[in-house]
Each structure stands twice: as C-alpha cells, then as structure tokens.
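Residue-level listing of the chains:
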Amino acid sequence: MRQARPYSGIFCGGVSARTGPHALPLARIKKIMKRSAGETVDGGARMISAEAPVVFSKACELFVAELTRRAWAATLEGKRRTVRQEDVATAVQNTDLFDFLVDVVMADAGAGGHAPAGCDDGALD
C-alpha cells in the first residue's frame with residue numbers, strides 16, 4: 001500500500017500531507033481563488049500552485065479559531081453556554097483585528113437583528 005507523502009514543508013504539524021485532513025475543501029478554496037482573481041485586467045489566475053489552497057485553508061482555520069475564542073469570551077460574559085450571533089458581533093466590534101467585518105455585522109443588524117448587551121448600534125441576529 002502506498003502512503004501519502006508530504007508535498008510541502010509549510011506546516012510542522014497536522015495539515016502537511018497532500019491527502020491529509022483539511023478543515024476546508026481545497027477544491028472549493030481553489031475555485032474561490034480563481035473566481036476572485038478573474039476580476040483582473042489579464043483575465044485572472046490560470047494557474048494556482050498546489051500549496052496555495054493549503055495555506056489559505058490554514059489561514060481560514062486560524063481566523064475562525066480566533067473569532068470563536070473571542071465570541072466565546074463574550075458568551076461567558078453574558079453568563080451563557082451557547083454562542084449566539086450577538087456574541088460574534090460583540091467580538092467583531094471589540095477587536096481591532098476584525099474591523100473589516102464591522103460593515104458585515106452592521107448590515108446583518110439592519111435585517112432585524114438584536115443588539116448585544118451594551119451596544120445600541122445593532123448586531124447580528
């Protein structure tokens with residue numbers, strides 16, 4: 001039986017094998033990368049290296065983990081054990097790192113969401 005060999009030394013633990021367990025589907029990431037690059041003058045990215053989707057997958061994993069940690073802290077402040085959209089909104093609004101998401105949080109609040117505790121300007125449902 002042939003074993004999968006690592007094709008990149010980018011990661012030291014976990015996600016380094018070509019057929020390894022990725023948190024996000026690499027084909028979907030590659031599709032998004034191609035679609036996003038298609039808006040350029042030269043017609044977009046025709047070739048994407050095998051390592052690029054792996055790096056994006058890991059970056060997305062780290063992003064979601066950090067946002068989850070901060071939302072969980074907001075959940076505990078509210079003396080609850082279930083993370084709700086308002087906790088995610090609070091995490092986004094209280095963290096400079098997530099400033100690029102404030103407009104998304106505010107847009108969802110305009111759709112009829114509830115404001116998190118101590119926030120009168122809206123949040124997610």
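Just so it is clear, the model here is predicted, and its values are computed rather than measured.

A.B. asks: Which residues make up the confidence of the model for the protein chain, and what values do they have?
C.D. replies: Mean pLDDT over the protein chain stands at 77; residues scoring 70 or higher make up 64%. Ignoring residues within four places in sequence, the model shows residues 7–19, a span with pLDDT below 50, making 23 contacts including any to other chains.

A.B. asks: An account of the nonpolar core is needed here, citing residue identities and associated values.
C.D. replies: One finds Leu67, Ala71, Ala89, Ala91, Val92, Phe98, Leu101 and Val105 forming the largest nonpolar core, which totals eight residues. Among the elements of the structure, α2 (51–77) and α3 (85–94) are those that each provide at least two residues to this core.

A.B. asks: Explain the environment of Met47 residue by residue, including any values.
C.D. replies: You can see Met47 is positioned in the loop between α1 (26–37) and α2. Classification of Met47 by relative accessible area gives exposed; the value is 75%. Distance from Met47 to Lys34, taken between C-alpha atoms, is 8.5 Å for residues 13 residues apart in sequence.

A.B. asks: Quick rundown of the packing of α2 against α3? Include the residues and the values.
C.D. replies: The contact between α2 and α3 brings their axes to 8 Å, and the two run at 110°. In terms of orientation, α2 and α3 fall into the roughly perpendicular class. As for how α2 packs across α3, the hand of that crossing is right-handed. Counted together, Leu67, Arg70, Ala71, Ala74 and Thr75 of α2 and Asp87, Val88, Thr90, Ala91 and Val92 of α3 form the full contact between these two elements. For the contact of α2 with α3, the residue count by class is six nonpolar, two polar and two charged.

A.B. asks: Lay out the packing of aromatic side chains in plain terms, naming residues and giving numbers.
C.D. replies: This structure, assessed with the given rule, holds two aromatic pairs. When the ring of Phe63 is compared with that of Phe98, the centres are 5.7 Å apart and the planes differ by 85°; the resulting orientation is edge-to-face. One end of the pair, Phe63, is in helix α2; the other, Phe98, is in the loop between α3 and α4 (102–109), and 35 residues separate them in sequence. Between Phe63 and Phe100, the ring centres sit 6.1 Å apart and the planes meet at 40°, which makes this aromatic pair tilted. Of this pair, Phe63 sits in helix α2 while Phe100 sits in the loop between α3 and α4, placing them 37 residues apart in sequence.

What counts, and at which threshold
- Residues numbered from 1 in each chain as written.
- Predicted model: local features only at pLDDT ≥ 70, side-chain atom pairs only at ≥ 80, totals over all residues.
- Heavy atoms only, no water.
- pLDDT = per-residue confidence, 0-100.
- Contact = heavy atoms within 4.5 Å.
- Core = buried A, V, L, I, M, F, W, Y, C linked by side-chain atoms within 4.5 Å.
- Buried < 20%, exposed > 50% of the residue type's maximum accessible area, 1.4 Å probe, protein only.
- Helix = DSSP H or I, 4+ residues; strand = E, 2+ residues; numbered from the N terminus.
- Axes fitted to C-alpha atoms, helices over the stretch in contact; angles between N-to-C directions.
- Parallel < 35°, antiparallel > 145°, perpendicular 65-115°, else oblique.
- Left-handed = near helix turned anticlockwise from the far one by under 90°.
- Nonpolar A, V, L, I, M, F, W, Y, C, P; charged D, E, K, R; others polar.
- Phe/Tyr/Trp six-rings, centres within 6.5 Å; stacked < 30°, edge-to-face > 60°.

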